[in-house]
Amino acid sequence: MKCNITNKNVKEIMSFGKMPIANGFLNEKDKSNEYFYEMTVGLSPDLGLFQLTNFPKVEMMFHDKYPFFTNSSNYMRNHFKEYAEWISKEFIENNSDKIIEIGCNDGTMLENFKNNKIESLGIDPSGNVAKIAKDKGLNIINSFFSENLTDSLNEFKSKTKVICAANVICHIPDLNDLIKGIDKLLSKKGVFIFEEPYLGSMINNVSYDQIYDEHIYIFSAISVEKVFNLYDFELIDIYPQITHGGSMRYVLARKNEYSKSPKVNKILGEELKKGFLDIDLYMKFKLNCLRSKERLNDLIDLSLKKNKRIGGYAATSKSTTILNFCSINSNKIDCIYDTTPEKIGKLSPGAHIPVIDSEEFKINPPDTCLLFGWNHKNEIFEKEKNFALNGGKWISHIENFI
Ligand code: TYD
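Cut-offs and rules
Residues numbered from 1 in each chain as written. Predicted model: local features only at pLDDT ≥ 70, side-chain atom pairs only at ≥ 80, totals over all residues. Heavy atoms only, no water. Near = heavy atom within 4 Å. Polar contact = N/O pair within 3.5 Å; in protein donor to acceptor, adjacent residues only side chain to side chain. Areas by Shrake-Rupley, 256 points an atom, 1.4 Å probe, with all protein chains shown as cover. Phe/Tyr/Trp six-rings, centres within 6.5 Å; stacked < 30°, edge-to-face > 60°. Helix = DSSP H or I, 4+ residues; strand = E, 2+ residues; numbered from the N terminus. Buried < 20%, exposed > 50% of the residue type's maximum accessible area, 1.4 Å probe, protein only. Lys NZ or Arg CZ within 6 Å of the ring centre and 35° of its normal. Pairing = 2+ DSSP bridges. Contact = heavy atoms within 4.5 Å. Axes fitted to C-alpha atoms, helices over the stretch in contact; angles between N-to-C directions. 1 Å grid on protein atoms, 1.4 Å probe; cavity = no way out; pocket = protein on both sides within 12 Å on 5 of 7 lines; lining within 4 Å. Points joined across faces, edges and corners; volume = space filled by probe spheres on them. Nonpolar A, V, L, I, M, F, W, Y, C, P; charged D, E, K, R; others polar.

Caption draft 1: Geometry of the site of the ligand. The full set close to the ligand counts 19 residues, and Ser 317, Lys 318, Asp 338, Lys 343 and Lys 383 are the nearest of them. In this structure, Lys 318 approaches the ligand through a side-chain N or O atom, which is 2.6 Å from an oxygen atom. Thr 339 places a polar main-chain atom, nitrogen or oxygen, 3.1 Å from an oxygen atom of the ligand. Alone, the ligand offers 560 Å² of accessible surface; in the complex the protein occludes 97% of this.

Set out below in structure tokens:
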């Protein structure tokens, strides 16, 4: 698929090579049928939008066996509780206000609004996670969000005070359709709030593993402002987050309905100064990605030379990009430890490294462990503190991270 955002001048930055579906954990018997696409990224200079230039059909990524559950991290559960409390405090004025979450997953965020007595709705295309949310007693539609879908949401049309999302908007290829849908649902004073991994953090950390099929866009304040301006929305506030290794929360409203926080122009100015609209910045990022690949392979080869057994920790979507870009397979990494029942017993996409129960990590730890869930470092290091105490060595593809 190609991106359809109103931009025909996307400049290619780099290819990460052939990639499988990031969350396509598979059984041994399916190895020969695995789907691959060429993962390339580019920049639309007009919008400053960093994007995949080629990606699989959304139905191949989000379906009834989607193996990502928001609930899998304690830290993220707490983060969503605080996010919901903040939304209630800042934007919910009375019981007639309505809220919609796009991409509600298992309802981890939305369940925090249950006691508010306000009407809420979650929308998610992946049947298995939507069912978990439904079973919590939440009002859920199992569907992709689209402008067409709003035709069946009369009670929310022009009456919704808040539409929110987290780590979801970058999954939606058709931003035009998304914003048209939002426009139909929001009230005059309604706000659209979403948070996503931040382009600035990805560039600084060289955390190129944020790039995978589901992350069609890696947003910045500049790109969000420019894209939404096309539809008469403006960025009124912005809040940096530490989640997912550096994220940004964006607050958008119809033009001239709210005053703009001074933080918005400050961050827009900083991004401009750092060259976010300039292809040179991304060419440097490309060089850093290639260097990072070399460095990680050196680290791994050094461990193997010393006869160390290497494991991976957390079978994240991000790990698919690292393993396939760096051509690391089960000859180098024995297994990946993970808590998700839907991933345990399967092979990692492309690299075909067995995923095993993270309980095994305590019983038979490797000598060296590549931390794929680096964004959950504090939570994982606390849980697995005996590993380092007993001489185990954590490594990461991010330089100076551990
Ligand atoms: P996340 O960074 O949210 O993944 P993604 O890159 O797919 O967005 O991490 C979720 C994955 O990490 C999930 O497979 C469960 C795993 N995980 C563990 O195995 N142990 C842990 O302690 C944590 C926090 C996550």
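From this point, the discussion proceeds with the structure in view.
Caption draft 2: Expanded view of the packing of aromatic side chains. Applying the stated criterion across every chain, the model contains 28 aromatic pairs. Ring centres of Phe 50 and Phe 285 lie 6.2 Å apart, and the angle between their planes is 80°; this geometry places the pair in the edge-to-face category. Of this pair, Phe 50 sits in strand S3 (residues 49–52) while Phe 285 sits in helix H8 (residues 279–305), placing them 235 residues apart in sequence. For Phe 50, a relative accessible area of 1% gives the class buried. Grouped by ring-pair contacts, the aromatic residues Phe 192, Phe 194, Tyr 217, Phe 219, Phe 228, Phe 233 and Tyr 250 constitute a single cluster. If you follow Lys 293 out to its NZ or CZ, it ends over the ring of Phe 325, 4.8 Å from the centre. Between the NZ or CZ atom of Lys 377 and the centre of the ring of Phe 401, over which it lies, the distance is 4.5 Å.

Caption draft 3: Fine view of the sheet that holds S3. With respect to topology, 4 strands assemble into an open sheet ordered S1-S2-S3-S9, the strand pairing being antiparallel. The open sheet has two free edges, formed respectively by strand S1 (11–19) and strand S9 (217–218), since each of these has just one partner strand. Here strand S2 (residues 37–44) pairs with S3 via 4 bridges, running antiparallel. The residue bridging Gly 42 from the neighbouring strand is Gln 51, located in S3. Seen against the sheet, H8 touches S1, S2 and S3 and runs at an angle of roughly 25° to S1.

Caption draft 4: Highlighting the layout of surface pockets. One number sums up the size of the second largest pocket: a volume of about 330 Å³. Counted by class, the lining of the second largest pocket contains 6 nonpolar, 4 polar and 3 charged residues.

Caption draft 5: Here's a closer look at the side chain of Thr 40. When you line up the elements, Thr 40 lands in strand S2. Sequence-distant contacts of Thr 40, defined by excluding residues within four places in its chain, comprise Glu 12, Met 14, Ser 15, Gln 51, Leu 52, Thr 53 and Asn 54.

Caption draft 6: How the structure looks around the pairing of S2. Most of S2 sits inside the fold, with 7 of its 8 residues counted as buried. Taking the residues between adjacent antiparallel strands as the criterion, S2 and S3 are bridged by 4 residues, where Gly 48 takes a positive phi near 65°.

Caption draft 7: Fine view of empty space enclosed by the protein. Summed over all chains, the structure comprises 1 cavity of 30 Å³ or more. By volume, the largest cavity is sized at about 30 Å³. If you trace the largest cavity, you find it lined by Pro 197, Tyr 198, Ser 201, Met 202, Ser 207, Gln 210, His 244, Gly 245, Gly 246 and Trp 374. In terms of residue class, the lining of the largest cavity is made up of 4 nonpolar, 6 polar and no charged.

Caption draft 8: Representation of the sheet that holds strand S4 (residues 98–102) within the structure. Strand order in this open sheet of 7 strands is S6-S5-S4-S7-S8-S11-S10, and the pairing throughout is mixed. Strands at the two margins of the open sheet, each flanked by one partner only, are strand S6 (140–142) and strand S10 (233–241). For this sheet, the mean angle separating the axes of adjacent strands, direction not counted, is 15°. Running at roughly 155° to S10, helix H6 (residues 221–229) makes contact with strand S8 (186–197), S10 and strand S11 (247–254) of the sheet.

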